[in-house]
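# Descriptive structure summary
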Amino acid sequence: MLHTTTLEPSWQKALSEEFDKPYMKELKVFLEEQTAEQKEILPETPFWFNALNSTPLDQVKVVILGQDPYPTAGHAHGLAFSVMPEVKPLPKSLQNINRELYDDLGIDNSHTGYLQPWAKQGVLLLNDVLTVEAGKSNAHKGKGWEMFTRSVIEMINEKCEHVVFILWGNYAQKKGASIDQERHFVIKSPHPSPLSAYRGFYGSKPFSRTNDYLRSHGISEIDWQI
């Protein structure tokens, strides 16, 4: 269920040792127990590592950190904030992300919440926890995924140059506290959720600031239009 062979080669090489650590073995047992108890795990197994498989380590330009997958069946597919193409209406946070994108760059993505095209361009849409029990937000919190995704961030921090880290909300900002800000660019703002978007997420212009930074370092910009 959890094995490096499910990973894109660059990530498999970088993270192979993680799969032999005690926390990962404990996580594997937990997920197997959940499956044996016939609890529905989201997203479906092939999508657990979709963020890493969609954005190889040597192609990471931007990291957007989320918390855990959507707990509604048919929504999550392994990319933070993203939903499957047929999902309507969009989750509120995603609606607010699209609103800020329009205000920032005049790009209207309100027709979709499927962010896979961003991932293919080098935007790592990484949740802190990669699985959840259907209908129960944060059900897999504290089971080991956080240590794995911390290693992912450490690898990017150490092995990549001039990556933009977009940290929305206190949770993501704590997760990214150790990022080398002389080597990378960190954008912080409140979370795009309806509870906090008006406290500084709107008007934070993360999309144009990201492209300005990438362009200034000779890196191709992200085409945010979907």
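Residues numbered from 1 in each chain as written. Predicted model: local features only at pLDDT ≥ 70, side-chain atom pairs only at ≥ 80, totals over all residues. Heavy atoms only, no water.

### Description of the overall build of the chain
The helix and strand tally for the chain stands at 8 helices and 6 strands. Overall, the chain shows an N-to-C arrangement of helices and strands of α-α-β-α-β-α-α-β-β-α-β-α-β-α. Taking 226 residues into account, the globule formula puts the C-alpha radius of gyration at 17 Å, and the chain, at 17 Å, falls close to it. Seen through its principal axes, the chain has C-alpha atoms that stretch 50 × 40 × 25 Å. Every one of the 226 residues in the chain was classed for burial, and the buried ones make up 54%. Taking as baseline every contact in the chain between residues at least 6 positions apart, the subset at least 24 positions apart corresponds to 68%. Entry remark: accessible area of the chain is about 10,500 Å², with carbon and sulfur atoms responsible for 49%. (Helix = DSSP H or I, 4+ residues; strand = E, 2+ residues; numbered from the N terminus. Rg over C-alpha atoms; globule rule 2.2 N^0.38 Å. Buried < 20%, exposed > 50% of the residue type's maximum accessible area, 1.4 Å probe, protein only. Contact = heavy atoms within 4.5 Å. Areas by Shrake-Rupley, 256 points an atom, 1.4 Å probe, with all protein chains shown as cover.)

### Section: the layout of surface pockets
Taken as a whole, the largest pocket holds about 580 Å³ of empty space. Together, 33 residues line the largest pocket, and Q67, D68, F81, S93 and H191 are the ones closest to its centre. Of all the secondary structure elements, the ones that give two or more residues to the lining of the largest pocket are strand 2 (62–66), helix 4 (92–105) and helix 7 (169–175). At 4 residues, the largest contribution of residues to the lining of the largest pocket is made by helix 7. Residues that form the lining of the largest pocket fall into these classes: 19 nonpolar, 12 polar and 2 charged. (1 Å grid on protein atoms, 1.4 Å probe; cavity = no way out; pocket = protein on both sides within 12 Å on 5 of 7 lines; lining within 4 Å. Points joined across faces, edges and corners; volume = space filled by probe spheres on them. Nonpolar A, V, L, I, M, F, W, Y, C, P; charged D, E, K, R; others polar.)

### Structural notes on unusual backbone geometry
For residues besides glycine, phi is generally negative; the peptide bonds are generally trans as well. With an omega of -10°, the peptide bond running from L42 to P43 counts as cis. By secondary structure assignment, the location of P43 is in the loop between strand 1 (41–42) and helix 3 (50–54). Note the cis peptide between K88 and P89, where omega equals -10°. Checked against the element boundaries, P89 lands in the loop between strand 2 and helix 4.

### Looking at the sheet that holds strand 6 (residues 185–189)
On the basis of which strands lie adjacent, the open sheet formed by 4 strands has the order 3-2-5-6 and parallel pairing. The sheet is open, and its two borders are formed by strand 3 (123–127) and strand 6, each paired with just one other strand. Direction aside, the axes of adjacent strands within the sheet are offset by 20° on average. With 3 bridges connecting them, strand 2 and strand 5 (residues 164–168) associate as parallel partners. Bridge pairing in strand 5 links V62 to V164. This element, helix 8 (residues 206–216), spans strand 2, strand 5 and strand 6 of the sheet and lies at about 165° to strand 5. (Pairing = 2+ DSSP bridges. Axes fitted to C-alpha atoms, helices over the stretch in contact; angles between N-to-C directions.)

### Quick look at helix 6 (residues 145–159)
When the terminal C-alpha atoms of helix 6 are compared, their 21 Å separation across 15 residues agrees well with the 21 Å that a helix rising 1.5 Å per residue should span. Inspection of helix 6 places W145, E146, F148, T149, S151, V152, I153, M155, I156 and N157 among the buried residues, and these make up the whole buried set. (Expected span 1.5 Å × (residues − 1).)

### Remarks on the pairing of strand 3
Along strand 3, 5 of the 5 residues are buried, which leaves the element largely enclosed by surrounding structure. The two faces of strand 3 match: V123, L125 and N127 on one face and L124 and L126 on the other face are all buried.

### Side note on the pattern of salt bridges
One pass over the structure, following the stated rule, counts 7 salt bridges. A salt bridge links K21 to E18; the nearest nitrogen and oxygen atoms lie 2.8 Å apart. For K21, a relative accessible area of 34% corresponds to the partly exposed category. The shortest N-O distance in the salt bridge between E37 and K39 comes to 3.3 Å. Note on K39: relative accessible area 32%, which makes it partly exposed. One salt-bridge network, held together by shared partners, links D212, R215 and E221. (Salt bridge = Lys/Arg side-chain N within 4 Å of Asp/Glu carboxyl O.)

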